[in-house]
Amino acid sequence: MRPFGYLRAGSVDEAVRAAAGQPGAQFLAGGTNLVDLMKLGVESPRTLIDVGRLPLDRIEELPDGGLRIGAMVRGADLAAAPAVRDRYPVLSQALLAGASGQLRNVATTGGNLLQRTRCGYFQDTAKPCNKREPGSGCPAREGTHRDLAVLGHSAHCVATQPSDMAVALAALDATVRLHGPEGERTVPAADFHRLPGDTPERDTEIRLGELLTAVDLPPPRPGARSRYRKARDRASFAFALASVAAVLTVRDGLVEYAALAFGGLAHRPWRARAAEAVLHGAPATEATFARAADAELAAAAPLRDNGFKVPLAHALAVGVLADLAGLAAHG
């Protein structure tokens, strides 16, 4: 057992001040990921700053018709919220596709976004891992990598980001709100997570001492439909081999608006900008959807054992888009 300090923060400002003043401090909310990593020896915080009781557990209407989701809102509550189910079904579906009911009752919105990869090399302190110990190597590239990245990986890391919710937020053009020693700032959800590059130890754009306080959803687009679909090895409590979050508006047989994001393929939720460019203004047909998926997945660089993810993601994307467009072959 490694000793650590504990502080229960009474306010956001107190939490941020404490984090800034105590090197090695980490924030604790639901703890469903951090505590597990502490048990494995992957994380060894000097101090835990408990933010779980801060008044950040509300879902609020915004003046523009969007929603603000507090960082302490539990996954189960967010998935069940009528405003989310009715106006952002892709988000509710993504939450229900993740973890188990028990975990959703405890895990928070902020913690979901900040969860770390489930790569086996990262979680095993007996093995090298550039994400855990920069410069030690990435044995996954030649070792066990079936579940790992096919897009945006580097020589230093092929890990994937495990959050289902983050994929939906990327497709919804959500915004992450952060509060730090220098004040408040926002980051687009699609840019919040990083690609590994030469610094795989950095998962997100969050800065030292910053606390994630909320996620803002823009107002729903008129006439848009959305959906999340996930392929996994078993029916529940399994991370995505590949997943797709899509928002689609079709008018007079043409794609008026499309947003597409993949999960399970990269170090971050992969916003499919190349696919969206193909879709915009094109006929809402399976042929168009296939061309869009081809355009995005052309950049894939699968490793020895995970090439199956490319056709899997392609099929998921085409199927979800066809369903949203109301094509008969997909119900």
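Relevant structure appears above.
Small disclaimer: the values here were computed from a predicted structure and weren't measured.

S.K.: Would you mind showing me how to read unusual backbone geometry here?
M.R.: Notably, A99 is not glycine yet its phi reads approximately 55 degrees, a positive angle. Turning to its location among the elements, A99 is positioned in the loop between helix 5 (89-97) and helix 6 (101-104). One non-glycine residue, D173, lies in the positive phi region at around 60 degrees.

S.K.: I'm lost on the environment of A166 in this one. Help?
M.R.: Looking at the secondary structure, you find A166 in helix 9 (residues 164-171). Residue class for A166 comes out buried when judged on its relative accessible area of 2%. For A166 and A94, which are 72 residues apart along the polypeptide, the C-alpha to C-alpha distance reads 8.6 Å. If near-sequence neighbours (up to four positions away) are discounted, A166 is found in contact with L113, Q161, H193 and P269.

S.K.: Explain the packing of aromatic side chains here, please?
M.R.: Each aromatic ring pair is characterised by the separation of its centres together with the angle its planes make. The full count for this structure, using the stated rule, is zero aromatic pairs. The positively charged end of R221 is found above the aromatic ring belonging to Y257, 3.7 Å away from the centroid.

S.K.: What is the right way to look at the packing of helix 12 (residues 286-297) against helix 13 (residues 309-325) in this model?
M.R.: Helix-helix packing is characterised by the crossing angle of the two axes and by the distance between the axes. Contact geometry for helix 12 and helix 13: axes closest at 9 Å, N-to-C directions at 145 degrees. For the pair helix 12 and helix 13, the crossing hand works out as right-handed. For the pair helix 12 and helix 13, the contacting residues are E286, F289, A290, A293, D294 and L297 in the first and V310, A313, H314, A317, V318, L321, A322 and A325 in the second. Considered class by class, the residues forming the contact of helix 12 with helix 13 number eleven nonpolar, one polar and two charged.

S.K.: How should I be thinking about the sheet that holds strand 5 (residues 67-70) in this particular structure?
M.R.: Picture the strands of a sheet paired through backbone hydrogen bonds; they go either parallel or antiparallel. Strand order across the open sheet formed by five strands is 4-5-8-6-7, with antiparallel pairing between neighbours. Each edge of the open sheet is held by one strand with a lone partner, namely strand 4 (59-61) and strand 7 (183-188). Strand-to-strand twist across the sheet, computed as the mean angle between neighbouring axes with direction ignored, equals 25 degrees. In the sheet, strand 5 pairs with strand 8 (residues 211-217) via four bridges, with the strands oriented antiparallel. Residue pairing for strand 8: R68 is matched across the bridge by D216.

About the cut-offs
Per chain, residues are indexed from 1 in the order of the written sequence. Residues qualify for local features only when their pLDDT is at least 70, as the model is predicted, and side-chain atom pairs are given and counted only at 80 or more; totals for whole chains, interfaces and linings, by contrast, use all residues. The basis for every side-chain value is the complete set of heavy atoms in the structure, and neither hydrogens nor water enter the calculation. A helix here means a DSSP run of H or I that spans at least four residues, while a strand means a run of E at least two residues long, and both kinds are numbered starting from the N terminus. Categorising residues by exposure relies on relative accessible area from a 1.4 Å probe, with only protein chains included: less than 20% of the type maximum marks a residue as buried, more than 50% marks it as exposed, and the intermediate range marks it as partly exposed. Contacts between residues were defined by any pair of non-hydrogen atoms, one from each residue, lying within 4.5 Å. Ring geometry is summarised as follows: Phe, Tyr and Trp rings, the Trp one being its six-membered ring, pair when their centres sit within 6.5 Å, and such pairs are stacked at plane angles under 30 degrees, edge-to-face over 60 and tilted between the two. Only Lys NZ and Arg CZ are tested; either one counts as a charge over a ring when it is within 6 Å of the ring centre and within 35 degrees of the ring normal. Here an axis means a line fitted to C-alpha atoms, over the contact stretch when the element is a helix, while the angle between two N-to-C directions is reported on a 0 to 180 degree scale. Should the near helix be turned anticlockwise from the far one by less than a right angle, the crossing is termed left-handed; should it be turned clockwise, right-handed. Side-chain classes follow a simple rule in which Ala, Val, Leu, Ile, Met, Phe, Trp, Tyr, Cys and Pro form the nonpolar group, Asp, Glu, Lys and Arg form the charged group, and the remainder, Gly included, forms the polar group. Strands are labelled as partners when DSSP assigns at least two bridges between them.

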